[in-house]
Amino acid sequence: MAAPSSSETAADLPWWKTAVVYQVYPRSFADADGDGVGDLPGVLSKVDHLADLGIDCVWMSPFYASPMHDNGYDVSDHCAVDPVFGTLDDFDALVAALHERGIRLIVDFVPNHVSSEHPWFVEAVSDPESDKRDWFIWADPAPDGGPPTNWTASFTKASTWELDERSGQYYLHLFLPEQPDVNWANPEVEAAQHDVLRFWLDRGVDGFRIDVINAIGKDPEPRDVPERMAGIDHVVLTHHETAMPLIRRIREVVDPPGVDRLVVGEVVTGDIEQQASYCGDGDGVSCTVNFVSVGASWDRDQWHLLLDGMEDAYADHDATWPSYVLSNHDNPRHRTRYGGSEARARSAALLLLTVRGTPSLYQGEELGLEDAVIPAGTEVDPGGRDGCRAPIPWTVEAPHGWGPEPWLPFPPEAGPRSVAAQRGDSSSVLALYQALLAARKASPALQHGSLELLARTDLVLAYRRVAGDDERVIAVNFADEPADVTDLTGTVVVGSNGLGAGHAFGGRLGPDEAVLLQP
Ligand code: GLC
């Protein structure tokens with residue numbers, strides 16, 4: 001078990017282990033120029049919201065030049081800010097403002113593919129003899145003239161291969177045809193990608209979240225998958241041994257010895273052992289995105305299994321540990337997944353911020369937001385993910401601090417759930433997140449202590465966190481009926497319903513209620 005020794009302190013750990021990460025999806029965060037699309041000056045204008053909340057690190061989704069077929073995950077210039085988001089000067093100002101407040105910044109690095117409008121691909125297509133041809137993955141048609149393999153692309157569920165009429169060859173795209181995969185087996189590609197990393201490191205970023213990092217290593221011989229797997233998004237099946245050496249060299253560029261930076265790998269798999277394997281011996285990614293927690297239901301057994309499994313999967317890893325996330329820009333928000341209940345959203349916050357590992361919040365969950373309802377025919381995203389990408393309501397009155405025509409509709413109850421409505425209200429979801437983040441910061445046990453699952457009833461998940469003589473006990477009632485937990489005693493540090501802090505715990509949890517105790 002990778003429980004830290006009792007003498008370990010937060011100062012002995014890499015900063016990211018005691019950090020809470022907050023994802024900013026810049027298109028939907030804050031709109032400074034009133035064009036209805038969020039932008040970097042918008043993020044800059046809200047850094048005090050982030051500081052007041054108490055997060056430690058922002059992860060910002062892509063803001064690079066892009067034709068926006070996949071809302072920025074189709075990059076046409078890695079080293080330019082898309083004009084819709086602002087300028088490099090705006091970016092520099094944002095880095096400075098966050099750092100002034102003690103908040104770190106990691107940015108998205110999208111290594112697996114580029115936009116079909118990226119100069120690399122434009123050259124590769126227009127001149128099959130060019131040096132750039134081998135920067136992408138080409139294959140001749142199958143004997144019947146069709147795609148070279150039976151692989152399925154994400155979003156379209158069509159082939160991952162697109163015919164380039166001019167050369168008669170197909171190119172590979174695990175996502176949209178407008179997102180050709182680059183060929184990391186070519187050392188020139190690797191060198192160019194390292195230059196991209198250095199460009200942003202030189203501008204002061206504290207690390208990267210690396211998009212679909214598992215997919216950068218590929219089988220040099222593309223071959224059919226068995227028919228029963230043919231409909232599965234091929235990115236999920238792309239886990240090749242050639243990825244790890246590439247990842248180790250990325251880590252060397254970003255986080256060499258003596259430097260303390262974060263490399264979060266988006267490893268697309270629901271297998272937590274496989275996720276952990278991408279951390280290598282502390283020389284791979286620092287930690288991964290937890291694909292299980294972001295898909296889990298509000299279900300006591302699922303969470304018990306997940307915590308148990310994560311503790312096991314990371315038991316032999318000293319340099320890394322679990323990470324947890326409930327919502328992000330790719331999945332329905334957890335409040336929506338959990339049926340819309342505020343009580344559940346509150347208890348989920350308490351759970352997320354008290355388990356062992358690095359938690360990641362998604363903008364707007366601190367307001368208890370649900371997904372927006374997107375009228376049929378107005379969808380923007382080819383992956384059906386618009387609902388969770390709705391704009392953040394800042395003010396009570398529509399258009400809630402945005403220009404008159406936001407790019408997506410607001411989530412339900414945008415006025416009463418806006419930042420302005422919740423700020424200063426001690427019963428708000430926002431106040432609960434603030435209390436939880438403060439409680440975490442104040443407790444070595446919560447920041448880096450061991451986690452022991454406690455035997456409980458069918459309804460309640462309970463665990464103990466310990467670091468030295470600091471101890472906390474957490475109990476979460478997943479049922480819509482009250483649960484007695486009379487054997488758990490202590491002082492309430494935070495209650496999910498916002499009540500009881502400082503008082504002795506009464507031994508009973510209400511429906512969907514959770515509590516953080518100091519024994
Ligand atoms: C990742 C991103 C997602 C994007 C995809 C392709 O999964 O999180 O938003 O569409 O990669 O880049």
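Within any chain, residue numbers begin from 1 and follow the written order of that chain's sequence. Residues qualify for local features only when their pLDDT is at least 70, as the model is predicted, and side-chain atom pairs are given and counted only at 80 or more; totals for whole chains, interfaces and linings, by contrast, use all residues. For the side-chain quantities, the full set of heavy atoms in the structure was used; hydrogens and water were omitted.

Participant: Now, about the state of the cysteines: what can you tell me, with residues and values included?
Facilitator: Throughout, a disulfide means two cysteine sulfur atoms within 2.5 Å of one another. Taken as a whole and assessed by the stated rule, the structure comprises zero disulfides. Cysteine Cys-279 remains unbridged, with the sulfur of Cys-287 as its closest cysteine sulfur at 6.9 Å. Classification of Cys-279 by relative accessible area gives buried; the value is 0%. Think of it in three bands: with a 1.4 Å probe and only protein chains considered, a residue is buried below 20% of the maximum accessible area for its type, exposed above 50%, and partly exposed in between.

Participant: Describe in detail the domain arrangement of the protein chain, supporting the description with residues and values.
Facilitator: Domain extents, as shown, originate in an automatic or database domain assignment. The domains assigned to the protein chain are domain 1 (16-111 + 187-440), domain 2 (119-172) and domain 3 (450-518). Here the C-alpha centroids of domain 1 and domain 3 sit 28 Å apart. Here the quantity called buried area is the accessible surface, traced with a 1.4 Å probe, that two parts lose on coming together, added over both. Roughly 2000 Å² of surface becomes buried between domain 1 and domain 3 when both sides are summed, with 67% attributable to carbon and sulfur atoms. Per-residue buried area on domain 1 facing domain 3 is highest for Arg-300, Leu-350 and Thr-354; these three make up 31% of the total on that side. By convention in these notes, a salt bridge is any Lys or Arg side-chain nitrogen within 4 Å of a carboxyl oxygen on Asp or Glu. The interface formed by domain 1 and domain 3 contains one salt bridge. A salt bridge links Asp-512 to Arg-344; the shortest N-O distance between them is 3.3 Å. For the side of domain 1 that touches domain 3, the secondary-structure elements that each account for two or more residues are helix H10 (300-313), helix H12 (342-352) and helix H14 (429-441). Three classes are used: nonpolar for Ala, Val, Leu, Ile, Met, Phe, Trp, Tyr, Cys and Pro, charged for Asp, Glu, Lys and Arg, and polar for all others, with Gly counted as polar. Class assignment for the residues of the side of domain 1 that touches domain 3 results in eleven nonpolar, four polar and seven charged. Starting at the N terminus, helices and strands are each numbered in turn, a helix being any DSSP run of H or I of at least four residues and a strand any DSSP run of E of at least two.

Participant: Can you tell me about the pairing of strand S2 (residues 57-60), naming the residues and giving the values?
Facilitator: Across the two faces of S2 the burial is the same, with Cys-57 and Trp-59 and Val-58 and Met-60 all buried. As paired strands, strand S1 (residues 21-24) and S2 are joined by four bridges and run parallel to one another. In the strand pairing of S2, Val-24 is matched with Met-60. Being paired, for any two strands, means DSSP has found at least two bridges between them. Pairing of S2 with strand S5 (residues 104-109), which is carried by four bridges, proceeds in the parallel orientation. The residue of S5 that forms the bridge with Val-58 is Leu-105.

Participant: Can you tell me about the packing of helix H6 (residues 187-202) against helix H8 (residues 243-254), naming the residues and giving the values?
Facilitator: Helix axes are fitted to C-alpha atoms over the stretch in contact, other axes to C-alpha atoms as well, and angles between N-to-C directions run from 0 to 180 degrees. One way to put it is that H6 packs onto H8 with a least axis distance of 10 Å and a crossing angle of 30°. The orientation of H6 with respect to H8, classified from their angle, is roughly parallel. Relative to H8, the crossing made by H6 is right-handed. Here H6 contributes Glu-190, His-194, Leu-197, Arg-198 and Leu-201 to the contact with H8, which in turn contributes Leu-246, Arg-249, Ile-250, Val-253 and Val-254. Of the residues assigned to the contact of H6 with H8, the class counts are six nonpolar, one polar and three charged. Any angle that falls under 35 degrees is termed roughly parallel, while one over 145 is termed roughly antiparallel, one within 65 to 115 roughly perpendicular, and all others oblique. The crossing is said to be left-handed when, going from far helix to near helix, the turn is anticlockwise and less than a right angle, and right-handed when the turn is clockwise. Contact definition: two residues touch when any of their heavy atoms are within 4.5 Å.

Participant: Hey, could you go over the site of the ligand for me, with residue numbers and the actual values?
Facilitator: Neighbouring the ligand are 13 residues, the closest being Asp-70, His-113, Asp-211, His-329 and Asp-330. A distance of 2.8 Å separates an oxygen atom of the ligand from a polar atom in the side chain of His-113. Note that an oxygen atom of the ligand is positioned 2.5 Å from one of the side-chain N or O atoms of Asp-330. Accessible surface area values rest on a Shrake-Rupley calculation with a 1.4 Å probe, where residue burial reflects the displayed protein chains alone. If the ligand stood free it would expose 310 Å²; the protein chains cover 96% of that surface. In this structure the site holding the ligand corresponds to the largest pocket. Any residue with a non-hydrogen atom lying within 4 Å of a molecule or strand is treated as near it. Whenever two N or O atoms come within 3.5 Å, that pair is a polar contact, provided that in protein one can donate a hydrogen and the other can accept it, and provided that, for residues adjacent in sequence, both atoms are side-chain atoms. Put simply, the grid is 1 Å and covers the protein atoms alone, a cavity is a trapped set of points that fit a 1.4 Å probe, a pocket is an open set with protein on both sides within 12 Å along at least five of seven lines, and lining residues have an atom within 4 Å of a point. Each molecule is checked against the cavity or pocket grid, and it sits inside if more than half of its atoms lie within 2 Å of the grid points.

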